Every structure is written in structure tokens, then in C-alpha cells.
Amino acid sequence: MRTTDSTITPVEAGAFAPRGYDPELLYVECGRCGSPVMWEQGRATRILEQAGIDPLELDASCLLVTDGCPMCGAKGQYTVQIFRVSAGAETRRPPHYGTA
């Protein structure tokens, strides 16, 4: 068996520092029927920018909920809310909406 000595140099803090969570990866759901909602590329980013939400404040526990979608027959413009699912939420059951 051969052993070698190697030194690992630490990476500078800014080189690979996370830049926040990509808003396009947020789960979007209809609050009326519970269906997942697919948006065109860039829409979640635009909505969060308009709301003044910094992507550095987002993580995988965040989700967007609309008040309607084409699947449940709602037409027109929709309002959107952002929610953060808390760590204790896995013990609670979500309200039942739709047939999903």
C-alpha cells in the first residue's frame, strides 16, 4: 500500500458561494383545485422580482400558490402567494382540494 501526502487548499468564500435558489425551480400549485401549474420560462422570476423578493431568501421549502388555473376553469389574471413550508409541517395533513 502506498501513501501520499496531499494538501487541500480551501476555496475562497466567493468562488463557489451559493447565489440563492432559482425561482424557476419553485413548485407552483393552484389553490382552488390543487393542480400543479406549469409556467413559461422566466415567469416565476419576474413575479418574485415585482414582489421585491430576493432569491437569496428562497429555498426548497418555498412554493407558489395561485388562486386559479386553466384546469379548474378559472379565467383571466391570477394572484400569487408565496409560502414557506415549516419543518413541523410533515406531521400535519394539508387540506384536501380537488381530486389530486
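Each remark here, short or long, concerns the structure printed above.
Residues numbered from 1 in each chain as written. Predicted model: local features only at pLDDT ≥ 70, side-chain atom pairs only at ≥ 80, totals over all residues. Heavy atoms only, no water.

(A) Layout of the pattern of salt bridges. By the definition in use, this model includes two salt bridges. Note that Arg-46 is salt-bridged to Glu-40, the shortest N-O span being 3.2 Å. The exposure class assigned to Arg-46 is partly exposed, which follows from its relative accessible area of 40%. Residue classification places Glu-40 among the partly exposed residues on the basis of a relative accessible area of 43%. Here Arg-84 and Asp-59 are joined by a salt bridge, their closest N and O atoms 2.9 Å apart. Of this pair, Arg-84 sits in strand E3 (residues 80–84) while Asp-59 sits in the loop between helix H1 (43–51) and strand E2 (62–66), placing them 25 residues apart in sequence. Given a relative accessible area of 48%, Arg-84 falls into the partly exposed group. With a relative accessible area of 31%, Asp-59 lands in the partly exposed category. (Salt bridge = Lys/Arg side-chain N within 4 Å of Asp/Glu carboxyl O. Buried < 20%, exposed > 50% of the residue type's maximum accessible area, 1.4 Å probe, protein only. Helix = DSSP H or I, 4+ residues; strand = E, 2+ residues; numbered from the N terminus.)

(B) Main features of the nonpolar core. Membership of the largest hydrophobic core is limited to twelve residues, which are Leu-26, Val-28, Cys-30, Cys-33, Val-37, Trp-39, Ala-44, Leu-48, Leu-58, Cys-62, Leu-64 and Cys-69. Every element with two or more residues in this core is listed here: strand E1 (27–30), H1 and E2. (Core = buried A, V, L, I, M, F, W, Y, C linked by side-chain atoms within 4.5 Å.)

(C) Examining the sheet that holds E3 more closely. If you trace the three strands from one edge of the open sheet to the other, you get E1-E2-E3, paired in mixed fashion. Each edge of the sheet is formed by a strand with only one pairing partner; in this case those strands are E1 and E3. The sheet shows a mean angle of 30° between the axes of neighbouring strands, taken without regard to direction. Judged from the five bridges that link them, E2 and E3 form a sheet pairing that is antiparallel. Bridging across to E3, Cys-62 finds its partner in Arg-84. (Pairing = 2+ DSSP bridges. Axes fitted to C-alpha atoms, helices over the stretch in contact; angles between N-to-C directions.)

(D) Just the pairing of E2, in detail. Within E2, five of the five residues are buried, which leaves the element mostly enclosed by the surrounding structure. Across the two faces of E2 the burial is the same, with Cys-62, Leu-64 and Thr-66 and Leu-63 and Val-65 all buried. Sheet topology note: the E1/E2 ladder contains four bridges and is parallel. Within E2, the residue paired with Tyr-27 across the bridge is Leu-63. Taking the sense of rotation as the criterion, the β-α-β connection linking E1, H1 and E2 turns out left-handed. (Right-handed = clockwise from strand over helix to strand, strands pointing away.)

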